[in-house]
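The lines below spell out each chain.
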Amino acid sequence: MRLKKTHDIGQLSLDAKDHQVVIGGWIEDLRKLGKITFLTVRDVTGLAQVIVKDIPLPEDLTRQSVVLVNGIIQSTKARDFAFEIKTDSIEIITKAKHPLPIDPIGRLESNIDNRLNARALDLRNQRVAAIFKIRHRVLESLRKTLSEKKFIEITTPKIIGSASEGGANLFSLEYFGKKAYLAQSPQLYKEQLTIGLERVFEIASFYRAEKSHTGRHLSEFTSIDIEAAFMDYTDVMEVLEELVVSVFRDVVQNCKDELKILERDLAVPKQPFARITYSRALDELAKSGTVLRFGDDLLDSHLKAIGSNHPGFFFLMDWPMSLKPFYIHEKDEDSKVSRSFDLQFGYLELSSGGRRLHDPAKLRARLEEQGLNLSSFEDHLRSFEWGMPPHSGWGMGLERLMTVIVGIDNVREVVLYPRDPERLFP
Ligand code: AMO
């Protein structure tokens, strides 16, 4: 069986008129008109009209079957195509079953569960494929910008012996007779690695055992994490802002076709992003009749109200220490306030981060204060005695960022095989 194509469909145009080509792909549509069969064949780069005449075709040829078409480029009368391919020979490589579990080109709408159950087929829908092509660009852009900013990519363990974030929400597993956990974040490792590498980043899957049924929570999510020595929290906020803006710029410039398919008019966000302190957010809420006390957490309804005053991206900073994890540094001038921030898009939290404690004695005291088990953190604490630089960092959920970019309000749409409390297969 020959497998070689001479061209991707996207490379072809009427400039190649009368040229012999071999294309390969999936039959998207199929119409018989007397002795002529009109096929449309799609590969990942595009769609071509293929004319089959005087060549036998199986009677039961199905949509989404895989074919190799050998033919000649010619001009066409079809409105939607710039050229067509007149077939010399066609090889049916794999026949797709009929009927398929979903209509992959989306003429018949399927619900998200059916689509996720047939995800590989769902990607034949160009709207779905566009999301994952954009995701690829986003990852490429993130890596490029972080490398330019002298961050070194790291990979930290996902199977760990004790909680990295201190709290609950850990999946546990059996590890050669011992109890192990799936990492919630690379927090402790990324901090430690500032000792040798100063600026590090990781883009990887992390795990949260939260029974959340929302459009923004996954049990397995992709986190973009950075940690940088000799930077304060405002410095890493700048890195985050520039990174988000450069991702948008890259997507706007390089994903024109995908954005068009998604009917998405994406604009590069304006800088600088607003920086709202937690205290100011409380004042804004009080003005609209919601009175909270310093230390109260901000709920979705509060964040929605604050977001409506600050459209687009904004930072919410200087949170109360009481709402922050053990590793966050307090402000020098007020120990009740932390050097921390969240990056918001409206009510949606995209990222959180801050300056970290780097003094081992203070870190030990903080762990005790928060009632955490010191023995679980001994390895981590030990590394702080080897010359820990002052450092700051953040983590950002890739899926949440993707929902903002593609304008779809559910993280399941931007993950190939989402894991949530209801979904473990496929
Ligand atoms: P945090 O727990 O706030 O911070 O997580 C950082 C960001 O990760 C994303 N995120 C999620 N996305 C989808 N599903 C989830 N269940 C989920 N949980 C978190 C969010 C969130 O803003 N170690 C700190 C970060 C740091 O300080 O460096 C941390 O993990 O977008």
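For clarity, every value in this text was computed on a predicted model and none was experimentally measured.

The rules behind each value
- Residues numbered from 1 in each chain as written.
- Predicted model: local features only at pLDDT ≥ 70, side-chain atom pairs only at ≥ 80, totals over all residues.
- Heavy atoms only, no water.
- Helix = DSSP H or I, 4+ residues; strand = E, 2+ residues; numbered from the N terminus.
- Contact = heavy atoms within 4.5 Å.
- Polar contact = N/O pair within 3.5 Å; in protein donor to acceptor, adjacent residues only side chain to side chain.
- Axes fitted to C-alpha atoms, helices over the stretch in contact; angles between N-to-C directions.
- Parallel < 35°, antiparallel > 145°, perpendicular 65-115°, else oblique.
- Left-handed = near helix turned anticlockwise from the far one by under 90°.
- Nonpolar A, V, L, I, M, F, W, Y, C, P; charged D, E, K, R; others polar.
- Near = heavy atom within 4 Å.
- Areas by Shrake-Rupley, 256 points an atom, 1.4 Å probe, with all protein chains shown as cover.
- Salt bridge = Lys/Arg side-chain N within 4 Å of Asp/Glu carboxyl O.
- Buried < 20%, exposed > 50% of the residue type's maximum accessible area, 1.4 Å probe, protein only.

K.L.:
Mind showing me how you'd approach the environment of Arg 423 here?
P.N.:
Considering the arrangement of structural elements, one finds Arg 423 in the segment after helix H11 (398-406). The spacing of Arg 423 and Asn 117 is 306 residues in sequence and 9.8 Å in space, taken between C-alpha atoms. In this structure, Arg 423 is in contact with Asp 113, Leu 116, Asn 117 and Pro 418, ignoring residues within four places of it in sequence. Here the side chain of Arg 423 touches Asp 113 through a polar contact of 2.8 Å, side chain to side chain.

K.L.:
Mind showing me how you'd approach the packing of helix H3 (residues 126-148) against H11 here?
P.N.:
Put simply, H3 and H11 touch, their axes get as near as 11 Å, and they point 120° apart. One way to sum up the angle between H3 and H11 is to call them oblique. Judged by the sense of rotation from one axis to the other, the crossing of H3 with H11 is right-handed. Each of Ile 131, Ile 134, Arg 135, Val 138, Leu 139 and Leu 142 in H3 lies in contact with H11, whose residues at this interface are Leu 398, Leu 401, Met 402, Ile 405 and Val 406. When grouped by side-chain class, the residues that make up the contact of H3 with H11 number 10 nonpolar, no polar and 1 charged.

K.L.:
Just checking my understanding: could you explain the site of the ligand for this structure?
P.N.:
Among the 20 residues in the neighbourhood of the ligand, the closest are listed as Glu 165, Gln 187, Lys 190, Glu 349 and Arg 356. Interatomic distance of 2.9 Å between a backbone N/O atom of Leu 218 and a nitrogen atom of the ligand. Protein contact buries 92% of the 620 Å² of open area that the ligand shows by itself. Mapped by element, the contributors of at least two residues to the shell around the ligand are helix H4 (187-197), strand E15 (348-355) and strand E16 (391-397). A per-class count over the shell around the ligand returns 5 nonpolar, 8 polar and 7 charged.

K.L.:
Sorry if this is basic, but what is going on with the pattern of salt bridges here?
P.N.:
Tallied over the full model, the rule gives 32 salt bridges. Between Asp 232 and Arg 355 there is a salt bridge whose closest N-O contact spans 3.3 Å. With Asp 232 in the loop between strand E11 (220-229) and helix H5 (233-254) and Arg 355 in strand E15, this residue pair connects regions lying 123 residues apart in the sequence. Across the pair, Arg 355 and Asp 232 agree in class, each one buried. Note that Lys 331 is salt-bridged to Asp 318, the shortest N-O span being 2.9 Å. Of this pair, Lys 331 sits in the loop between strand E13 (313-317) and strand E14 (340-345) while Asp 318 is found in the loop between E13 and E14, placing the two residues 13 residues apart along the sequence.

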